[in-house]
Amino acid sequence: MNQEFNNLPDETGHFGRYGGNFASETLFHCLEALNAAYKKLKTDADFQQQFKQDLADFVGRPSPLYYAERLTKQQQGAHIWLKREDLNHTGAHKINNTVGQILLAKAMGKKRIIAETGAGQHGVATATVAARMGLECIVYMGAVDIERQAINVFRMKLLGAEVRSVDSGSKTLKDALNEAMRDWVAHVDDTFYIIGTVAGPAPYPEMVRDFNAVIGREVRQQSMDKIGRLPDALVACVGGGSNAMGLFYPFIQDKEVAMYGVEAGGQGLETGRHAASINAGKVGVLHGNRTYVMSDEAGQVIETHSISAGLDYPGVGPEHAYLNDSGRAKYVTINDDEALAAFHTLTKTEGIMPALESAHAIAYGMKLAKSLSPEQHIVVNLSGRGDKDVHTVADIEGVSV
Amino acid sequence: MNQLLTETLSNLNHKKALIPFITAGYPDPKMTLPIMHCLVENGADVIELGMPFSDPMADGPVIQKASEQAIKQGTGLKQTLQMVYEFRQTNQTTPIVLMGYLNPIESMGYEVFVEQAARAGVNAVLLVDSPPEESADIQTHLKAHNMQQIYLVAPTTSAQRKQLICDVAAGFIYYVALKGVTGAADLNTDAVNHAVKALKATTQLPVAVGFGVKDADSAVAVAREADAVVIGSALIKIIDAAADNVESVLQQVGEFMRPIRAALDSL
Ligand SMILES: Cc1ncc(COP(=O)(O)O)c(C=O)c1O
């Protein structure tokens with residue numbers, strides 16, 4: 001047992017120097033209550049049983065581990081396996097977390113659900129579980145993102161959620177998170193805040209990771225069944241880092257399994273127009289935790305850029321910051337054009353259209369496979385499906401649909 | 001070695017302290033210094049100077065907008081410290097509390113920040129996202145330079161945390177008058193006075209009340225128990241509404257401050 005990784009975060013919510021509770025005083029009471037409730041339910045058999053059942057019957061788990069035969073042949077290297085989170089209800093891994101958090105909200109007797117969203121995937125996943133539980137749901141979304149992701153905005157409305165446009169700052173995901181925090185401060189008594197990634201103050205990074213860890217647990221079992229051993233490498237895209245943490249966490253003690261987190265290289269690190277917080281950011285404090293943050297000379301958080309709205313976030317989950325510094329995981333970047341090419345490649349060779357976020361992982365997975373031997377196996381997390389991105393791709397390529 | 005902030009608040013002779021908040025560099029960098037002097041001339045006992053930040057999570061729309069505008073015009077942490085330095089050239093008696101968020105300070109480095117802030121003449125800092133649990137490091141540096149860290153106590157703060165906060169706090173305790181962001185409207189002054197009274201039983205430090213105090217009436221209402229009142233968003237709104245020149249801004253700021261000062265002095 002390698003204690004050094006699996007016991008994190010520590011009791012104060014830190015992953016080494018990262019994470020923690022850099023929250024405003026008004027929120028402490030509910031963060032403490034949330035932490036206590038979560039710690040209790042984490043080991044509660046009934047709660048875990050309910051969670052498992054919802055993942056099976058509502059989400060459709062387990063998601064398959066798919067052998068990408070034609071893609072493997074094309075790369076002439078390691079075998080490429082895809083973890084099919086795109087087949088989940090609502091089309092991405094985000095639902096794993098919202099199914100878990102809404103059960104917690106219910107258990108805590110909260111009546112009102114709030115969330116932030118960038119691409120709209122987490123907003124849709126939250127609106128979905130809120131509808132199922134009959135709870136009021138308000139989703140904060142940057143005005144710029146509302147424009148970029150019109151279909152998801154309408155989906156949320158169909159599900160009965162109220163989408164509130166955020167006009168402050170850069171009008172994107174980080175500002176939506178700020179606004180959700182402000183809402184929470186003003187409605188601490190009856191409101192549950194469902195954060196969509198492994199960021200935020202403790203216990204969110206731990207909790208969101210745990211709810212997504214079903215991904216990695218299934219991959220372990222499926223690898224044993226299909227390959228007869230654990231894979232040699234794992235690859236996942238990193239926005240805030242929830243699909244990556246969910247895949248990585250159950251493998252953390254298996255040092256022979258390499259882990260690669262793929263950040264959005266945007267138009268290239270050298271242009272400054274990207275969202276690669278670990279590769280090009282510096283240590284700071286944002287949204288309640290210490291982590292790598294994209295900020296300027298003066299410490300102002302800067303606007304990020306990515307072809308995929310879901311990776312367009314200037315921070316990163318604190319556990320990734322820790323895994324990076326300790327060397328347990330490697331963080332690489334894939335640029336917009338490489339992701340777009342991978343989107344087409346996967347669509348044409350396997351008949352699977354990936355989300356543009358996931359296309360970053362696919363692009364790096366192909367590169368990695370090529371550099372490895374045919375005896376080796378890699379698992380790429382296909383975190384979501386690409387239907388939501390069809391308009392973006394058409395726009396970029398000058399096609400009107 | 002005594003602290004200017006502590007000295008000022010303990011020499012009030014039962015007078016209530018008035019602490020206006022302004023965002024550094026708003027509405028433009030040249031106006032900050034004249035506004036600061038104007039606040040002192042019209043009864044400010046302490047000045048709270050906001051360090052503009054791109055992601056002011058605990059602030060309402062008024063201070064958000066002021067921060068955005070200040071940043072756009074080039075005011076960051078460095079420029080804010082420079083303004084304090086210039087203010088100190090002619091005023092060595094009004095304590096200055098810097099208020100803001102951690103990221104710009106993390107970016108500069110705690111040691112460099114504290115050194116430069118001390119040199120500029122800052123007396124205390126109030127960092128919204130640096131609760132006692134996370135501030136051991138910066139506290140060490142602050143203490144080495146005889147600077148104080150102010151902490152918030154909220155209506156939701158448990159008795160146990162109140163004790164924890166009072167144990168590490170210095171200067172004064174800042175009681176957040178409402179569950180919400182700065183500038184929100186619905187103050188329940190009875191509840192505030194009740195909470196402040198209880199708080200004063202836990203600490204020797206003066207207690208200031210802020211968030212939602214907006215005029216002479218609300219200031220007087222919360223000053224029944226509190227030792228000081230902080231007024232931020234309402235003052236920023238006054239500055240925002242004034243015509244775009246120094247004279248008009250200063251005139252409006254003076255007219256806003258004087259009745260509040262008078263009302264507090266009549267208590
Ligand atoms: C399909 C998909 N993958 C990945 C992400 C990035 O989030 P995270 O890094 O938390 O997995 C998103 C975010 O919206 C997404 O929709």
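Remember, it's a predicted structure, so these values are computed and weren't measured experimentally. (Residues numbered from 1 in each chain as written. Chains lettered and ligands numbered in written order. Predicted model: local features only at pLDDT ≥ 70, side-chain atom pairs only at ≥ 80, totals over all residues. Heavy atoms only, no water.)

**Overview of the site of the ligand**
All names here are of chain A.
Then step 1. Near the ligand you find 18 residues, and of these Thr197, Gly239, Gly241, Ser242 and Ser383 are the closest.
Then step 2. His93 is positioned such that a nitrogen or oxygen atom in its side chain is 3.0 Å from an oxygen atom of the ligand.
Then step 3. Between Gly241 and the ligand, the recorded distance is 2.7 Å, taken from a backbone N or O atom to an oxygen atom.
Then step 4. For the ligand, whose unbound accessible area comes to 390 Å², protein coverage reaches 97%. (Near = heavy atom within 4 Å. Polar contact = N/O pair within 3.5 Å; in protein donor to acceptor, adjacent residues only side chain to side chain. Areas by Shrake-Rupley, 256 points an atom, 1.4 Å probe, with all protein chains shown as cover.)

**Points about the UniProt feature "domain: Tryptophan synthase beta chain-like PALP" (unreviewed entry) in chain A**
Then step 1. The UniProt feature table records "domain: Tryptophan synthase beta chain-like PALP" (unreviewed entry) at residues 60–384 of chain A.
Then step 2. This span, residues 60–384 of chain A, is 42% helix and 21% strand, and a straight line between its end C-alpha atoms measures 14 Å. (UniProt positions renumbered as here; feature names shortened; annotations may be inferred. Helix = DSSP H or I, 4+ residues; strand = E, 2+ residues; numbered from the N terminus.)

**Some details on the UniProt feature "active site" (unreviewed entry) in chain B**
Residue and element names in this part refer to chain B.
Then step 1. Per the UniProt record, "active site" (unreviewed entry) is found at Glu48 and Asp59.
Then step 2. Structurally, the position occupied by Glu48 is in strand 2 (residues 47–50).
Then step 3. Exposure remark for Glu48: the relative accessible area of 0% places this residue in the buried category.
Then step 4. The contact partners of Glu48, leaving out residues within four places of it in the chain, are Ile19, Pro20, Phe21, Ile22, Val97, Met99, Leu126, Tyr174 and Val230. (Buried < 20%, exposed > 50% of the residue type's maximum accessible area, 1.4 Å probe, protein only. Contact = heavy atoms within 4.5 Å.)

**Observations regarding the UniProt feature "modified residue: N6-(pyridoxal phosphate)lysine" (unreviewed entry) in chain A**
All names here are of chain A.
Then step 1. If you check UniProt for "modified residue: N6-(pyridoxal phosphate)lysine" (unreviewed entry), the listed places come out as Lys94 in our numbering.
Then step 2. Within the secondary structure, Lys94 sits in helix 5 (residues 94–107).
Then step 3. Residue classification places Lys94 among the buried residues on the basis of a relative accessible area of 18%.
Then step 4. When sequence neighbours within four positions are dropped, the list of residues in contact with Lys94 reads Gln121, His122, Ala125, Gly196, Thr197 and Ser242.

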